[in-house]
Amino acid sequence: MEQTILIVEDARELAQLLSDYLRQAGFGSHQLYSGDRVIDWVKNNQPDLILLDLMLPGRGGLEICAELRQFSTVPVIMLTARVEEQDRLRGLELGADDYVCKPFSPREVVARVKAVLRRSSQRTLSENTKVGIQFDADKLQVRLNGNLLNLTVVEYHLLALLAGQPGRIYSRGQLIDKIYPDQRVVSDRTIDSHIKKLRKKISEVYSGELIHSVYSAGYKFDATES
């Protein structure tokens, strides 16, 4: 299941280099070269992580990070040529998850992306769920309170996506794009059918509701409402 990384970097060659390395690591990416388009793009597309340059035309990275944290918990890794401790601390105080100082190795950035995504997933699950849910990506298996769920591959990816960011609302279109990255033609009804089957399998081992419908918006995972 492909995760999308937003690269906000005005040096286009560097942005493309990062995109190439991320693609080799199995990530999708989108590039923006100025700061004034970031907020609207994030609201409309909801990336899984943002690589955010500190010095940008239009709006600076610190200002963008501060506004992001008013409505989103998306992980942010700052990219900066500034090495002063005060700048790094300011970014972390505003909600950045990590810093990478230029010049850097693209491989290091990819490693940081993987580490931040892993920490973010573990943190959101532990903070926002009251159930024990474990994902085995190698075996495509899920255990809920110790019970193995008999899921299809699509159902596994669907549950992993929703549970990875509890409370985040995914539209049917976003779920289609994430679950079917090959861009095959899939209808909203197909997603509804997968959700229905997934809920039924969960109900066999858990009495509460974990996947919630949000009227006119989509679906979210939330154990706190059960």
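Treat the numbers as computed from the prediction; the structure is a model and nothing was measured. (Residues numbered from 1 in each chain as written. Predicted model: local features only at pLDDT ≥ 70, side-chain atom pairs only at ≥ 80, totals over all residues. Heavy atoms only, no water.)

Visitor: Outline the sheet that holds strand β6 (residues 133-136), listing residues and values.
Guide: A sheet is described by the order of its strands in space; here three strands give the open sequence β6-β7-β8, paired in antiparallel fashion. Each end of this open sheet is capped by a strand with a single partner; those strands are β6 and β8 (147-149). Neighbour-to-neighbour, the strand axes of this sheet turn through a mean angle of 25°, independent of strand direction. For strand β7 (residues 141-144) and β8, the ladder comprises three bridges, and the chain directions are antiparallel. The residue bridging Arg 143 from the neighbouring strand is Leu 148, located in β8. (Pairing = 2+ DSSP bridges. Helix = DSSP H or I, 4+ residues; strand = E, 2+ residues; numbered from the N terminus. Axes fitted to C-alpha atoms, helices over the stretch in contact; angles between N-to-C directions.)

Visitor: Explain the environment of Leu 210 residue by residue, including any values.
Guide: Assignment of secondary structure puts Leu 210 in the loop between α8 (188-203) and β9 (211-214). The sequence separation of Leu 210 and Phe 221 amounts to eleven residues, and the corresponding C-alpha distance is 5.5 Å.

Visitor: Could you give me a rundown of the environment of Arg 168, with the residues and numbers involved?
Guide: Secondary-structure assignment places Arg 168 in the loop between α6 (153-164) and α7 (172-179). The spatial distance from the C-alpha of Arg 168 to the C-alpha of Thr 73 is 9.3 Å, given a sequence separation of 95 residues. Beyond its immediate chain neighbours, meaning those up to four positions away, Arg 168 contacts Asn 45, Gln 46, Pro 47, Asp 48, Tyr 219 and Lys 220. In this structure the side chain of Arg 168 is engaged in a polar contact, spanning 2.5 Å, whose partner is the backbone oxygen of Gln 46. (Contact = heavy atoms within 4.5 Å. Polar contact = N/O pair within 3.5 Å; in protein donor to acceptor, adjacent residues only side chain to side chain.)

Visitor: Describe the confidence of the model for the protein chain, listing the residues and the values that go with them.
Guide: The predicted model of the protein chain averages 85 in pLDDT, with 88% of residues at 70 or higher. Mean pLDDT per element in the protein chain: helix α4 (residues 85-93) is the minimum at 68, and strand β1 (residues 4-8) is the maximum at 96. (pLDDT = per-residue confidence, 0-100.)

Visitor: Describe in detail the packing of α6 against α7, supporting the description with residues and values.
Guide: A pair of packed helices is captured by two measures, namely the crossing angle of their axes and the spacing between those axes. Between α6 and α7, the least distance of the axes is 10 Å, while the angle of their chain directions is 120°. Considering their axes alone, α6 and α7 lie oblique with respect to each other. When the axes of α6 and α7 are compared, the crossing they make is right-handed. On α7, the residues that touch Val 154, His 157, Leu 158, Leu 161 and Leu 162 of α6 are Leu 175, Lys 178 and Ile 179. Considering only residue class, the contact of α6 with α7 consists of six nonpolar, one polar and one charged. (Parallel < 35°, antiparallel > 145°, perpendicular 65-115°, else oblique. Left-handed = near helix turned anticlockwise from the far one by under 90°. Nonpolar A, V, L, I, M, F, W, Y, C, P; charged D, E, K, R; others polar.)

Visitor: Could you give an account of the pattern of salt bridges, with specific residues and numbers?
Guide: Taken as a whole and assessed by the stated rule, the structure comprises twelve salt bridges. Across the salt bridge formed by Asp 53 and Lys 102, the nearest N and O atoms sit 3.2 Å from each other. Linking Asp 53 in strand β3 (residues 49-53) with Lys 102 in the loop between β5 (98-101) and α5 (106-128), this pair joins segments that are 49 residues apart in sequence. The exposure class of Asp 53 is buried, given its relative accessible area of 3%. Owing to a relative accessible area of 23%, Lys 102 belongs among the partly exposed residues under this scheme. Between Glu 63 and Arg 59 there is a salt bridge, and its shortest N-O distance comes to 3.0 Å. (Salt bridge = Lys/Arg side-chain N within 4 Å of Asp/Glu carboxyl O. Buried < 20%, exposed > 50% of the residue type's maximum accessible area, 1.4 Å probe, protein only.)

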